[in-house]
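Here is how the chains run, residue by residue.
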Amino acid sequence: MGHRVTLIPGDGTGPELTDAARRVLEATGVELEWDVRQAGVDVMEEAGTPLPDETLDSIKRNRVALKGPITTPIGTGFRSVNVALRHELELYACLRPCKTYKGVRTRYEHVDIVVVRENTEDLYAGIEYEAGSDAAGDVIRTLNALQPKQIAPSSGLSIKPISPEASERIVRFAFEYARANGRRQVAGVTKANIMKFTDGLFLSVFREVATDYPEIASREVLVDALCMGLVQRPEEFDVLVLPNLYGDIVSDITAGLVGGLGVAPGANIGEHAAVFEATHGSAPRYKGLNKVNPTAMILSGKLMLDHLGERTAAQRLERAVAAVIAEGDRVTYDFKPTRDDPTAVGTSEYADAIIAKLADGEFG
Ligand code: NAD
């Protein structure tokens with residue numbers, strides 16, 4: 001029996017990227033049965049929503065989805081499909097492995113970092129009070145009555161909730177990931193020296209959970225020191241676990257360390273479902289041009305194979321991708337020394353090069 005997977009092509013360059021990823025994944029020999037469902041601006045008019053119920057139901061049924069990027073339309077009243085999916089499916093963990101591959105132009109070598117970001121709480125919980133509103137006034141008056149430090153009455157407020165339950169869930173996810181993937185160290189990243197009751201809580205949960213994983217080294221790092229460490233000695237870091245806001249920022253730093261958005265895969269994972277998708281957006285400017293780099297999408301597919309227990313196929317796929325990039329011949333424009341290099345190939349031909357590598361059996 002194969003694996004049934006929801007495939008969401010997305011919009012903008014999403015359909016061409018997911019097509020490339022789908023063909024490459026099929027070439028690994030893993031039996032995949034695709035349940036293709038739509039989401040994004042292209043279905044909005046016809047379905048009346050950018051996230052039709054049938055798409056959501058399909059992911060709930062199959063529990064695994066490969067998703068192309070989706071444009072967040074501005075000024076339509078619809079919220080981001082990406083945010084809605086994470087919320088509806090309780091995808092509490094955002095996983096972003098960032099690794100340098102020979103042939104990708106970056107300032108760094110030997111980077112192999114996995115960012116595990118909490119997806120549900122923190123300043124991103126969406127609890128905000130607009131400056132001058134009655135609600136902001138009420139909250140400020142209540143808080144000012146509780147403490148000597150006074151908040152200016154004209155302030156806007158964004159609330160940072162961090163719970164022990166959500167912290168334990170994400171820290172445990174990071175250690176379990178480390179254990180399952182043979183990683184040596186997990187770093188808990190906070191600003192616990194300043195925000196004692198939120199980041200401090202996250203850190204104390206981190207310390208407690210770490211004792212259940214004696215074979216994995218645990219390390220505590222302040223987020224500012226981490227940022228400096230990442231740009232100076234990124235090879236010293238392994239798995240990082242962070243609350244939502246720091247995770248968002250740090251995962252962009254780590255993507256930058258390894259060559260940018262075109263090569264940064266990702267996944268959003270919950271108890272009941274997992275959605276695999278590239279870090280980048282829909283790059284609508286390049287829609288239909290068969291130009292953009294599908295590596296991030298293909299490597300997200302590799303993460304999906306790992307998640308499905310298809311470890312050998314996942315490793316073969318990664319080695320085939322690495323070999324095509326290292327040869328530097330049949331790669332997209334952004335992997336070439338100059339962006340107008342006439343030898344660059346398109347999205348689809350790059351996928352063909354990976355498929356050819358898989359077919360020649362060189363990778364096991
Ligand atoms: P973007 O990631 O689409 O593009 C940023 C830059 O990176 C552009 O210059 C683009 O050309 C380049 N780029 C992106 N992916 C590339 C690839 N695979 N190969 C080569 N170059 C690539 O970010 P944006 O322009 O800010 O966002 C476009 C839309 O995508 C927005 O509506 C945004 O909300 C949405 N978005 C969706 C997701 C998602 O679906 N998970 C994530 C981020 C942004």
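Residues numbered from 1 in each chain as written. Predicted model: local features only at pLDDT ≥ 70, side-chain atom pairs only at ≥ 80, totals over all residues. Heavy atoms only, no water.

A.B. asks: Can you walk me through the domain arrangement of the chain in this structure?
C.D. replies: Much of the literature gives interface size as the accessible area that the parts lose upon coming together. Assigned domains within the chain: domain 1 (1-96 + 273-364), domain 2 (107-120 + 162-257) and domain 3 (122-161). The C-alpha centroid of domain 2 is placed 26 Å from the C-alpha centroid of domain 1. Counting residues at the interface gives nine residues for domain 1, matched by 15 residues for domain 2. Of the roughly 1,200 Å² buried at the junction of domain 1 and domain 2 (both faces included), carbon and sulfur atoms supply 52%. Counting the surface domain 1 buries against domain 2, the share from its top three residues, Tyr92, Cys94 and Arg96, is 55%. Here domain 1 and domain 2 share zero salt bridges between them. There are six residue pairs in polar contact (both at pLDDT 80 or more) connecting domain 1 and domain 2. (Domains from an automatic or database assignment. Contact = heavy atoms within 4.5 Å. Buried area = accessible area lost by both parts, 1.4 Å probe. Salt bridge = Lys/Arg side-chain N within 4 Å of Asp/Glu carboxyl O. Polar contact = N/O pair within 3.5 Å; in protein donor to acceptor, adjacent residues only side chain to side chain.)

A.B. asks: Is there a simple way to think about the environment of Ala296 in this case?
C.D. replies: As for its placement among the helices and strands, Ala296 is situated in helix α10 (residues 295-307). Not counting the four nearest positions on each side in its chain, Ala296 is found in contact with Leu261, Gly262, Val263, Ala264, Pro265, Ala278 and His280. (Helix = DSSP H or I, 4+ residues; strand = E, 2+ residues; numbered from the N terminus.)

A.B. asks: I'm lost on helix α6 (residues 164-180) in this one. Help?
C.D. replies: Because each turn of an α-helix spans 3.6 residues, side chains separated by three or four positions in sequence point in the same direction. Spanning 17 residues, α6 covers 24 Å between terminal C-alpha atoms, matching the ideal 24 Å at 1.5 Å per step. Along α6, the positions that sit buried rather than exposed are Ala166, Ser167, Ile170, Val171, Phe173, Ala174, Phe175, Tyr177 and Ala178. Downstream of α6 by a residue or two, Gly182 has a phi angle that is positive, lying close to 65°. (Expected span 1.5 Å × (residues − 1). Buried < 20%, exposed > 50% of the residue type's maximum accessible area, 1.4 Å probe, protein only.)

A.B. asks: I'm lost on the environment of Ile298 in this one. Help?
C.D. replies: Looking at where Ile298 falls in the secondary structure, it is placed in helix α10. Overall, the relative accessible area of 1% leaves Ile298 in the buried class. Between the alpha carbons of Ile298 and Val116 there is a distance of 20 Å; along the sequence they are 182 residues apart.

A.B. asks: Where do I start with the site of the ligand in this structure?
C.D. replies: Around the ligand, 19 residues are found, and the nearest of them are Ile70, Glu277, Gly281, Ala283 and Asn293. In the environment of the ligand, an oxygen atom lies 3.2 Å from a nitrogen or oxygen atom belonging to the side chain of Lys67. In this structure, an oxygen atom belonging to the ligand sits 2.9 Å away from a main-chain N or O atom of Ile70. Its residues assigned to classes, the shell around the ligand comprises eight nonpolar, eight polar and three charged. (Near = heavy atom within 4 Å. Nonpolar A, V, L, I, M, F, W, Y, C, P; charged D, E, K, R; others polar.)

A.B. asks: Quick question: what am I supposed to make of helix α4 (residues 81-88) here?
C.D. replies: Of all the residues in α4, the buried ones are Val81, Asn82, Ala84 and Leu85. Projected onto a plane normal to the axis of α4, the buried residues spread over an arc of 165° and lie on a single side. Elements that come into contact with the buried residues of α4 comprise α3 (53-62) and β3 (64-67). Two or three places before Asn82, at the start of α4, stands the capping residue Ser80, its side-chain oxygen 3.1 Å from that residue's backbone nitrogen. Immediately beyond the C-terminal end of α4, within one or two residues, lies Glu90, with a positive phi of roughly 50°. (Arc of directions from axis to C-beta.)

A.B. asks: What's the story with the pattern of salt bridges in this structure? I'm lost.
C.D. replies: It is possible for side chains of opposite charge to pair when their charged atoms get near one another. The full count for this structure, using the stated rule, is 26 salt bridges. Note that Arg207 is salt-bridged to Glu220, the shortest N-O span being 2.7 Å. Taken together, the positions of Arg207 in helix α7 (residues 199-210) and Glu220 in strand β9 (residues 217-222) put the pair 13 residues apart, joining distant regions of the chain. Of the charged contacts, one joins Glu318 and Lys302 as a salt bridge, the two residues approaching to 3.9 Å between their closest N and O atoms. Linking Glu318 in helix α11 (residues 311-327) with Lys302 in helix α10, this pair joins segments that are 16 residues apart in sequence. Residue classification places Glu318 among the buried residues on the basis of a relative accessible area of 14%.

A.B. asks: Quick question: what am I supposed to make of unusual backbone geometry here?
C.D. replies: Leaving glycine out, the prevailing phi sign among residues is negative, and the prevailing peptide bond configuration is trans. Positive phi, close to 50°, is recorded for Glu90, a residue that is not glycine. Residue position: Glu90 is located in the loop between α4 and β4 (93-99). Within the chain, Asp122 stands out as a residue other than glycine whose phi angle is a positive 70°. Topologically, Asp122 is positioned in the loop between β5 (112-118) and β6 (128-129). For Asp122, a relative accessible area of 0% corresponds to the buried category.

A.B. asks: Hey, could you run me through the side chain of Thr18 in this one?
C.D. replies: Here Thr18 shows up in helix α1 (residues 14-27). For Thr18, a relative accessible area of 2% corresponds to the buried category.

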